[in-house]
Amino acid sequence: IADSVECSNDVEMYCGSTLTSRDNLAVLTCLNNRQDDDLSDECHHYLWTYKLNITKNPKFDSIARQTCKSALQTHTDCDNAEPGSGKLVSCLLEYKDIIKAHSCVNFLNKIAGIVFSDYRLICNFMEDCHKDIMENHCGRVDSSARGDADMPHSQGQVVECLEEKLGENKLKPECLQQIKRLGELSADDYNLDRNLYLNCRDDRERLCPDVLHGDGRVYKCLFNHKFDEGMSTTCRDALTVRQKLVAKDYKSSYQIQTQCKSEISNNFCFVSHNSNDHSDLVGSSGILLCLENARSNPGNGGKISAVCNNALDDFRAMLMSDYNLSPEITHNCATEIQANCSGTVEKEGATIHCLMSHLREESEVTSCEKALLDLLKETDVAGKYKMDVALATDCNGVIQSVCSKYADGDPMVLSCLMENLYSAQMEVACQDRLLELQYFISRDFNSDPSFHKACKAESKVLCNHDFAAGAGNGQSENIDADAMPLSLVISCLYRHIQLPGEEGSILSAGCTREVHRMLKQRALDFNLNPDLEHTCRTALGQYCSNEMPEPGMELVCLQDNLENITETNIECANMITDLTVMESKDSDLENVLISACEPMLQQHCKDFLDSGDEGEIMECLIRNKDQMDNALCAAGVNHFQLIEMKDYHFSPKFMKACKDDVRLHCSDKKTKADVVKCLSEDVRNAVLQKRQSRISKKCQGQLTVENLQLHEKIDFLPGLHKACQADYRTLCSNVEPGKAMVIECLRNNKDKVSHECRKELFEVEEEESLDPKIDFSLMRTCKSDIKEFCFTHLEDGRPHEILDCLIHNKKKLQSQCRNLIKSREADILSDVDLDPDLKESCSKDIKDFCGKESQQAKLDHERGEDPHGVIYACLKKVHTSADHKNKLSPSCNNHITFVVREEEQDYRLDPRLMLACVNEIRKHCDTEHEDIVECLKRNVFPIKTSICMQEVARLLLEGRSDIMADPVLHEACAIDLEEHCDQIPEGDGRKIQCLTRILSKHKTQLSQGCREELQVRQSMWAHAAKKNIDGFAELSMMVLASEQSSYLLSMLTLLVVAILILGTMCGRCTKRVARDRKTR
């Protein structure tokens, strides 16, 4: 060849410096490595003629038979080839990989370069593919213009064209088989793929310089660099053609063909073909699915070796990187790609993710979506995230940041990324890729290999009945678990998980973990729950379209509108209810909690996290939400509490404690607030009636917790929230919601709120008065004081006495708690119904002396008005009365005595005084520095308003009845009392009478301070008595208190005697007159 006229110049030009031998095979190898256009037409023709003569020369067949004698004995079909037909070598080449004779293999390797350099030299190729070449316009030159002998060996472009048409299913079976054979025979050495070799020579030298050819190594290296910026377009296109061939026929991949040979055979992967398979070809996708099924069910076949797995992973990554390699994607998604992804660089799977993003917005399942699901199954991305090159690239930084504890390629990396979907470390690009991928994984049981492997057996046993019922047939025994809808399987398995404190779980630990993982991932985004998305898409648009929720917050919006959705879309409402029940049992399933509360859980609730009791975890978060730095977490907890209000089933711990009680006593209630109120009323009535409550002790304990939570925020009390909306906007709009601050604001303005709001507010106050443990402000503000002074009341089961205990220790309390206790005490003294202790101590007295006032208070409640201490005023009047026939019972008298003394210390505890004397207080008293009660007493003479005068007179008379109720006088006369009146019992004004008697007879025995103060008080009492005399009893009391009481009594006695004498004398005179008349 080197000396021929036709090729000598070409050999000298292209091979002169590289040839070490002028051997024809060496020259052929050199010239075959040139581009077709490099060689002259004459040399093209000479080479082709030379190679054709070699392959059809009987001597060539003789050499082949001698070199490959043992191979021909094994492969007898090749031995029957007719001499000179050129079929002998072609036949042996098909068995090259399994021929053991080294001399034969070396011979075939050398001759392969000759055979594969021109498709017309391959046995039957021209005959089988001629029509396809013509019909698909794959010929380089017009064969009618030039005979076959004159056509240059342009087989590279011809084969490339036919391979492209193979991907479009346009080849006849005979030619398809020839293309397949070409791919298989060139699988191990890219030099034998002429199109790829010629188009990628420079790229190979630049990107894979140290990679030896053979065993498919150069292919693999070039595939890995396909999307490098340095890769030429012509080489990238040639690689795509080769990859399409591999997708059609697994034998075109040297790695899959050789490294998975035993696995393919042992698992019978030829028996059934996948949709990617054509004719007698077995597509690599079919092999992937077959071996993946074998891996998931190791009992049905052999294990998959590591080397085979590596080969399959290379192909998976290849499929995910370039959509063109999947015929199903190119065929079924052509419209979507053109409309939505045209212009998208196909680098690292960008088009695949573009399709994912677009298909998430489609309302109906399309053929493109099905094709995409098949691709994800084939590539096993859920188990091997690195197969998705786009995701692995965009999430690399996040993986290094939050998932570094997992080994590179660990299947748990994807779960770790999902757990951090809304964390601060998450990057936007990574978040998008995750949601795009997870949207499709969440739609099929088989798409998540970890879940499938862990739960397939149990889902078949436990969930067949559910699936059969849903399908409308009774045959459940033969249903394959893989055919069940994923959502049905998850919800079915979740029902069989053992919850904390319950028994009866039959799920394995592995399946339990996977169910929790799946549910947790679905909770992160509305679109990751396909059933919810499909069923509630209309509801989401109807109720959440004005302010479209942020990604991940769609379920929150649906939960907030559950009542409205129930009326319009019961199927969606039921699904929201089921999901909410599951969320309530497992805080991990609550989206906002997942995304925001992890640091808070670790900080405040680590002990409960370790125990796994979800009910305790939620209660811990609720208890500590006011201490959280994270506003999002607090908002998540508030949302959870609001959702719980909609249905008591949403509160698992409450359900567990009170389920039987609800069924027996409150079965007609649904909302949690109504159920808690119903049960609490029974407990309250039992306390008031001194009987055993019908509610179980376990439920009573949980009721206290629930009521405390309800009273923390006005939103949690539906009745109060509805009735007080306008009042809140008017009076408390500047108050921060939460911590019971809005409720406290309304209580402080109860005289200004509407009647409807006042009625609801009274119910809240009454509940808290009966059980101070549910008074959120009290328990939060006075927590340390309760622990210090009143803890025994809790230990002894007397929580209703906590408030009374705090009132008695008021001076010792911390300032914030003390101020709140003053406010609570003022509420109590304004309304006797808020003082259960007084109602118990004075029940008979109220009935005997204050019937009219009691009716008035009842009417006030019905009208939503404040009684303003009307019953207390009645009892205090009886208490200070001098009428010994109408006395309070000892227990009531003691209680009222304490009340009077308390009011003397703080005028704000006396509601009637505050209302009556508001102008006088402003006129005469310094509210910041002065004792207001004493100020009013000192100004009793200038007070002109009759109603205020009556209240001040009452104060003076109360002090006259009990010196302890007059702290100024008591302090001035403390020594005198001890010296002169120590033996005199308290009450009924006896101490005062003792002092006034001494003052009238022996006033020098009293200290000057006591004498002066007592004289001032006597003038006040006299003035007050004139304004407040109520019958003879009050008059008697006034006389006895006077400093001239002896003189007045003496004169009164003389007056009475005189009247009697005068009456007698007058009587006798009238009788004498009558007798005289009778005589006459």
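Residues numbered from 1 in each chain as written. Predicted model: local features only at pLDDT ≥ 70, side-chain atom pairs only at ≥ 80, totals over all residues. Heavy atoms only, no water.

Asker: Quick question: what am I supposed to make of the overall build of the protein here?
Answerer: Counting its regular elements, the protein contains 66 helices and zero strands. Counting over 1080 residues, the protein shows a buried share of 51%. Within the structure as shown, the protein displays about 51,300 Å² of accessible surface, and the carbon and sulfur contribution to it stands at 50%. (Helix = DSSP H or I, 4+ residues; strand = E, 2+ residues; numbered from the N terminus. Buried < 20%, exposed > 50% of the residue type's maximum accessible area, 1.4 Å probe, protein only. Areas by Shrake-Rupley, 256 points an atom, 1.4 Å probe, with all protein chains shown as cover.)

Asker: Where do I start with the layout of surface pockets in this structure?
Answerer: Think of a ball as big as a water molecule: rolled over the atoms, this probe shows where empty space is left. Space inside the second largest pocket adds up to approximately 970 Å³. What lines the second largest pocket is a set of 33 residues, among which Val683, Arg684, Val687, Leu770 and Asp771 lie closest to the centre. At the level of secondary structure, the elements contributing two or more residues to the lining of the second largest pocket comprise helix 41 (672-689), helix 42 (697-710), helix 46 (755-770) and helix 52 (836-841). Of the residues forming the lining of the second largest pocket, the biggest block, eight residues, is contributed by helix 41. Taken together, the residues of the lining of the second largest pocket break down into nine nonpolar, nine polar and 15 charged. (1 Å grid on protein atoms, 1.4 Å probe; cavity = no way out; pocket = protein on both sides within 12 Å on 5 of 7 lines; lining within 4 Å. Points joined across faces, edges and corners; volume = space filled by probe spheres on them. Nonpolar A, V, L, I, M, F, W, Y, C, P; charged D, E, K, R; others polar.)

Asker: What am I meant to see in the pattern of salt bridges here?
Answerer: For the coordinates displayed, the defined rule picks out 42 salt bridges. As a salt-bridge pair, Asp203 and Arg206 come within 2.8 Å of each other at their nearest N and O atoms. Of this pair, Asp203 and Arg206 both sit in helix 13 (residues 201-207), three residues apart, roughly one helical turn. When its relative accessible area of 45% is taken as the criterion, Arg206 is described as partly exposed. Between Asp775 and Arg824 there is a salt bridge, with its nearest N and O atoms 2.7 Å apart. Separated by 49 residues along the polypeptide, Asp775 in the loop between helix 46 and helix 47 (776-781) and Arg824 in helix 51 (residues 815-830) bring together distant segments of the chain. If you follow the salt bridges from partner to partner, you end up with Arg747, Lys750, Arg758, Glu765, Glu768, Asp827 and Asp866 in one network. (Salt bridge = Lys/Arg side-chain N within 4 Å of Asp/Glu carboxyl O.)

Asker: Would you mind showing me how to read helix 51 here?
Answerer: Given 3.6 residues per helical turn, the α-helix brings residues three or four places apart onto the same face. Helix length check: helix 51 (16 residues) gives 23 Å between terminal C-alpha atoms against 22 Å at 1.5 Å per residue, within 8%. Buried within helix 51 are the following residues: Cys817, Leu820, Ile821, Arg824, Glu825, Asp827, Ile828, Leu829 and Ser830. (Expected span 1.5 Å × (residues − 1).)

Asker: Help me out: how do you make sense of the nonpolar core in this one?
Answerer: Soluble globular proteins tend to pack their nonpolar side chains together in the buried interior. Counting 62 residues, the largest nonpolar core has Leu291, Ile329, Leu372, Leu417 and Leu434 as its most contacted members. Looking at which domains feed residues into this core, each of domain 2 (253-272 + 280-321) and domain 3 (322-444) gives three or more. Ignoring sequence-local partners within four residues, the contact set of Leu417 consists of Leu391, Cys395, Val398, Ile399, Cys403, Met426, Cys430 and Leu434. In terms of nonpolar packing, the next biggest core, distinct from the first, is built from 36 residues, Leu803, Cys817, Leu875 and Ala965 among them. (Core = buried A, V, L, I, M, F, W, Y, C linked by side-chain atoms within 4.5 Å. Domains from an automatic or database assignment. Contact = heavy atoms within 4.5 Å.)

Asker: What am I meant to see in the packing of helix 55 (residues 870-880) against helix 60 (residues 946-961) here?
Answerer: Helices that pack against each other are described as a pair by the angle of their axes relative to one another and the distance between those axes. Helix 60 packs onto helix 55 with a crossing angle of 45° between their chain directions and a minimal axis gap of 9 Å. Of the possible angle classes, the one that applies to helix 55 and helix 60 is oblique. Two packed elements cross with a definite hand, and for helix 55 against helix 60 that hand is left-handed. Across from Lys876, His879 and Thr880 in helix 55, the residues of helix 60 making contact are Arg954, Leu957, Glu958 and Ser961. The residue inventory of the contact of helix 55 with helix 60, partitioned by class, reads one nonpolar, three polar and three charged. (Axes fitted to C-alpha atoms, helices over the stretch in contact; angles between N-to-C directions. Parallel < 35°, antiparallel > 145°, perpendicular 65-115°, else oblique. Left-handed = near helix turned anticlockwise from the far one by under 90°.)

Asker: Can you help me understand the packing of aromatic side chains in this one?
Answerer: Both the distance between ring centres and the angle between the ring planes are used here to describe each pair of aromatic rings. Evaluated as defined, the whole model comprises one aromatic pair. Taking the centre distance of 6.2 Å and the plane angle of 20° together, the rings of Tyr219 and Phe223 count as stacked. In this pair, Tyr219 and Phe223 are both assigned in helix 14 (residues 217-224), four residues apart and thus about one turn of the helix distant. Judged by its relative accessible area of 4%, Tyr219 is buried. (Phe/Tyr/Trp six-rings, centres within 6.5 Å; stacked < 30°, edge-to-face > 60°.)

Asker: Would you mind going over the side chain of Asp132 with me for this structure?
Answerer: Looking at the element boundaries, Asp132 is found in helix 9 (residues 125-135). Among buried charged residues, Asp132 stands out as having no salt bridge; its nearest opposite-charge side chain is Lys172, 4.3 Å away. Side-chain polar atoms of Asp132 contact the backbone nitrogen of Lys172, separated by 3.1 Å. In this view, Asp132 contacts Leu162, Lys170, Leu171, Lys172 and Cys175; residues no more than four positions away in its chain are not counted. (Lys, Arg positive; Asp, Glu negative; His and termini not counted. Polar contact = N/O pair within 3.5 Å; in protein donor to acceptor, adjacent residues only side chain to side chain.)

Asker: Hey, could you run me through the confidence of the model for the protein in this one?
Answerer: Interpreting fine coordinate detail is not advised for predicted regions of low pLDDT. Counting all residues, the mean pLDDT for the protein is 77, and 77% of those residues have values of 70 or more. Note that residues 272-281 has pLDDT below 50 and, in this model, 23 contacts with residues that lie over four places away or in other chains. (pLDDT = per-residue confidence, 0-100.)

Asker: How should I be thinking about the packing of helix 45 (residues 741-748) against helix 46 in this particular structure?
Answerer: Where helix 45 contacts helix 46, the two axes come as close as 11 Å, and the packing angle between them is 110°. In terms of their interaxial angle, helix 45 and helix 46 are classed as roughly perpendicular. Taking contact as the criterion, the partners of Ile743, Leu746 and Arg747 in helix 45 are, on helix 46, Leu761, Glu765 and Glu768. For the contact of helix 45 with helix 46, the class distribution of residues is three nonpolar, no polar and three charged.

Asker: What am I meant to see in helix 22 (residues 350-359) here?
Answerer: Where burial is concerned, most of helix 22 is hidden: eight out of the 10 residues are buried. For helix 22, the full list of buried residues reads Thr351, Ile352, His353, Cys354, Leu355, Met356, His358 and Leu359.

Asker: Mind showing me how you'd approach a negative patch on the surface here?
Answerer: There is a patch of like negative charges on the surface, built from Asp926, Glu928, Glu930 and Asp931. Within the element layout of this structure, Asp926 appears in the loop between helix 58 (918-924) and helix 59 (932-938). A residue is classified by how much of its surface remains accessible, and Asp926, at 36% relative accessible area, is partly exposed. (Patch = residues over 30% accessible without salt bridge, like charges linked within 9 Å, V, L, I, M, F, W, Y side chains within 5 Å. Charge placed at Lys NZ, Arg CZ, Asp CG, Glu CD.)

Asker: Please clarify how the side chain of Glu920 should be interpreted in this entry.
Answerer: Within the secondary structure, Glu920 is located in helix 58. In this structure Glu920 is buried but unpaired, with Lys923 as the nearest side chain of opposite charge at 7.1 Å.

Asker: Before we go on, may I ask you to explain unusual backbone geometry in this structure?
Answerer: Note on backbone geometry: most residues besides glycine have negative phi, and most peptide bonds are trans. Notably, Ala740 is not glycine yet its phi reads approximately 60°, a positive angle. Along the polypeptide, Ala740 turns up in the loop between helix 44 (725-731) and helix 45. At His868, a position not held by glycine, the phi torsion is positive, near 55°. With respect to the helices and strands, His868 occurs in the loop between helix 54 (851-863) and helix 55.

Asker: Before we go on, may I ask you to explain a nonpolar patch on the surface in this structure?
Answerer: On the surface, a nonpolar cluster with roughly 280 Å² of combined accessible area is contributed by Val1057, Ile1061 and Met1065. Note that Ile1061 resides in helix 66 (residues 1045-1079).

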